[in-house]
Structure formats: structure tokens, C-alpha cells
Amino acid sequence: QLAALAPVMLALTAASPCWRGVLAATDARWDIISASVDDRTPAEDGRGLSDSDDRLAGSGVRQLPRSRYSSISRYAFECDGPAGQVRRFCDVDAPIDEQAYNKLKAAGVDEALSRHVAHLFVRDPLVLFEGLIEEVDDTTATDHFDNLQSTNWNTVRLKPPTGLGIGGIDSNPAEREPGWRTEFRPMEVQLTDFENAAFSVFTVLVTRVILAFDLSLYVPLSRVDANMRRAQRMNAATSEKFYFRRQLAPNEVSEAQKFVNCCGGDDDDVFEEMTCLEIIDGKGDYFPGLAPLAYAYLDHIGCDGDTLARLSTYIELVRKKASGEAVTGASWIRKFITEHPEYQQDSIVSPKIARDLAVAAHDVGLGLRPAPELTGGQVIRPITRSGAWDTRLSADKIPTKEERRELL
């Protein structure tokens, strides 16, 4: 589900407006890195013909519609409602390796997950490590799968259990089985620890909100791709609109109707274009917004006052980035370059400008150079262990529809 949120968070954290000494007309890194690691043959990316090579996945001639660094190509889940509710949102081409798919299906893996994993196998691994090729026992280690999985760089990555840990949640963390994990990868590094903490914590809160309130963020993947393109434009956080679900919560009228609004419905009823601020803060009386939902969740779990105060500064920074009260890293960097005395209005970032920018960014990160426009006015102070909240964030679903309705 986080794939639908990825473009929004990319826009809010955009911090890459210049490359190789040139000020770009974009604010984020995604398409640039995507092109830099795009190893498709001419036949695979549709540019022309290539000789068939049996050493390569698909013999190097199977068409691959996107780089290995991209947004996701499939949702790896199907809801419990009528068949195909989520699958119909997988509306972009996602070729699969038939041999891998058949093996997964024969082993009892469900359709959605089988297609997700089989899609990974349409590419070859990029790297090999000495001592981790023939020496690896695939029945006891996941190194070979991790090798392939780790070079499919998507906005969201589903990471299966390693099988190497022991014990449950109360066991020694050093020995604990990590379990299933979701890696959220679109966000860009910020200039201050405060901003990095804010976006990291907000993302975790959104995951807990999704689980607790049983929400659905699914939109067609073709719209997610469109959102990714928009997210990289200049000032996308405040000037662009993104396709997002109008109704996040399932229909509680009856179990039979639950999935009509969870994953189904006509396109016009499922999603619409919203600004980042509307997605974060809410729109009308039908879309509550992710920030108010985060506050509702914290109220539900009984968050203590000190922790709530800290988390509120993080949530409010995200809101300010979406409203424009706080600028993105890309906007700050662009302004620094264009207002530098040596800048000639020609998009060239000279060595002098680059050095001064590096020094300024370093000082902002250390708190030596005030940058309230980045932090929304928040004064950066050291984060300590003192007063840390020791209550684990719960991923348990709120048990009754009455409780959910009251909090929503």
C-alpha cells in the first residue's frame, strides 16, 4: 500500500536540484538514478534489436518496460473480498519469469505474491560475491535471493523472513527472526536530523494508522507512475496534484459491502487528484487526511504527553512542508545557488558555488547555521535517550467498528 504514498513523500522530501555542476529543472533524484543503473539491452527497453544470449534472463530480448530502479510494477497482495479487487489496479505491464512463477504456484504461494516474486526474476543479478555462489545452500540461506532482490530498486520493497533468527518479539533482538518487512525507499535525505527524524517517524505512524484503522491506499499503478513523474517537478510539494484515494476506510455497513470501498468501486469514486496538503491535512468531509489520522491513532494507543509533544513537532513539520510554510531541501538549495554572487543565471554551479553550498549545508546540519525555513521554525536540539517512551507501537487492528468510527 505504501507505493501509493511514495510519490507524495518523494515530493515532500525533494532535495536534489543540481547534478554534475548543473542546476536542473527537477527537484528529486528518482529518474536520474533510474537511468544511471538501467542495464536493459536495446531489445529489452524497446530501442532496437539485440542478439539473443541464453546466459541472460529472457535471453536478453524479453521486453522490460522500466528500469530496475523504479516504482513498483505489481501489488503483492489480494484482499479477502471478491477476486481481483486489488489485481485490477495492477494496470501496468509487469512481465514474469514463467519458470519461477510455476515453481511458486506449485509450492502453494498465492497468485499475487507469486507474480510479484516471478517479476523479480526477469532480471539478472548485478553483483556476485566471492564465496557466496556455489557455496551457498539455498535451503538454509537467502543470499542468492537477496542478491537479486537487492538490485531491484523499487519505491517499496517487500522483504521476506531470512529464516536465520530465533524466537518471537520478546526474545533477544540480536537473535530475533526479522519476519516480513516493508522497506520504504522514495524519500530523500534531508539537511537536518530533525527533518530526517520527522519524515521517518511520520512514515512509521502512517503504517500503524493503516493497520489500526484497516485502511486502503490502493490506486491503479498507472496513476502511481504518473504521480512519480509529477513528484520530481520543481516545487511539486506545493504546486502539483497527485492521484489519491478519496475514501480510505472500508465500508462498515456489512461484510458483503466492505470491499466495495476498500478496493473496488468505479474509478471516479476510488481516487481523485489532491495536493500534498490535502493528502496530509484532509479534504472536505470525506477525506480525513493522514496527519489527523496519525493524531487519532496516538490518542487510541494512549500516547503519553511528552512523547506526543515530540511526535507533534514531527507531524507538524510534514504539514508545513506540504503547505509551503517550510521549504523543501531542493528549494533551499536552489535558492542558495541562484542567489550566490557568482551565479550567472546560466544553470552552471561553479566550483566556488558548490563549495560554499557544501559548507552551508554542513553547518545547517550541525545547527551552526540557522535555517528556520527548512524546519518550520523549529529550533534543533540534540535528541537524547532521556524520557524515551518505552511502549511499543502496536500493529493490532482496532477491534470493533464502533471504536474505529469514534476515533475517525
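The coordinates are above.
Residues numbered from 1 in each chain as written. Predicted model: local features only at pLDDT ≥ 70, side-chain atom pairs only at ≥ 80, totals over all residues. Heavy atoms only, no water.

Some remarks on unusual backbone geometry
Notably, Arg20 is not glycine yet its phi reads approximately 50 degrees, a positive angle. Examined against the element boundaries, Arg20 turns out to sit in the loop between strand S1 (18-19) and strand S2 (22-23). Residue Arg20 is classed as exposed on the basis of its relative accessible area of 87%. (Helix = DSSP H or I, 4+ residues; strand = E, 2+ residues; numbered from the N terminus. Buried < 20%, exposed > 50% of the residue type's maximum accessible area, 1.4 Å probe, protein only.)

Here's the deal with the environment of Phe244
Note on placement: Phe244 falls in strand S7 (residues 241-245). Phe244 sits 236 residues away from Val8 along the chain, and the two C-alpha atoms are 9.5 Å apart. Beyond its immediate chain neighbours, meaning those up to four positions away, Phe244 contacts Ala4, Leu5, Val8, Leu217, Val219, Val270, Phe271, Glu272, Met274, Ile279 and Phe287. (Contact = heavy atoms within 4.5 Å.)

A look at helix H3 (residues 98-106)
Within H3, the full set of buried residues consists of Ala100, Tyr101 and Leu104. Taken down its axis, H3 places every buried residue within 100 degrees of arc, on the same side. Seen from the open side of H3, the exposed residues pointing more than 90 degrees away from its buried face are Gln99, Lys103 and Ala106. On its buried face, H3 is in contact with helix H4 (111-120). One or two positions beyond H3, positive phi appears at Gly108, with a value near 95 degrees. (Arc of directions from axis to C-beta.)

A short note on the packing of helix H6 (residues 193-213) against helix H12 (residues 290-300)
Remark: H6 packs on H12, axes separated minimally by 9 Å, with the N-to-C direction vectors making an angle of 70 degrees. For the element pair H6 / H12, the angle class is roughly perpendicular. Facing Phe202, Leu205, Val206, Arg208, Val209, Ala212 and Phe213 of H6, the residues of H12 in contact are Leu290, Ala291, Leu293, Ala294, Ala296, Tyr297 and Leu298. Here the contact of H6 with H12 is composed, by residue class, of 13 nonpolar, no polar and one charged. (Axes fitted to C-alpha atoms, helices over the stretch in contact; angles between N-to-C directions. Parallel < 35°, antiparallel > 145°, perpendicular 65-115°, else oblique. Nonpolar A, V, L, I, M, F, W, Y, C, P; charged D, E, K, R; others polar.)

Let's talk about H12
The complete set of buried residues in H12 reads Leu290, Ala291, Leu293, Ala294, Ala296, Tyr297 and Leu298. The secondary structure elements touched by the buried residues of H12 are helix H1 (2-13), H6, helix H11 (276-281), helix H13 (305-323) and helix H17 (401-407). Note on H12: the residue one or two positions beyond its end, Gly302, has a positive phi of about 75 degrees.

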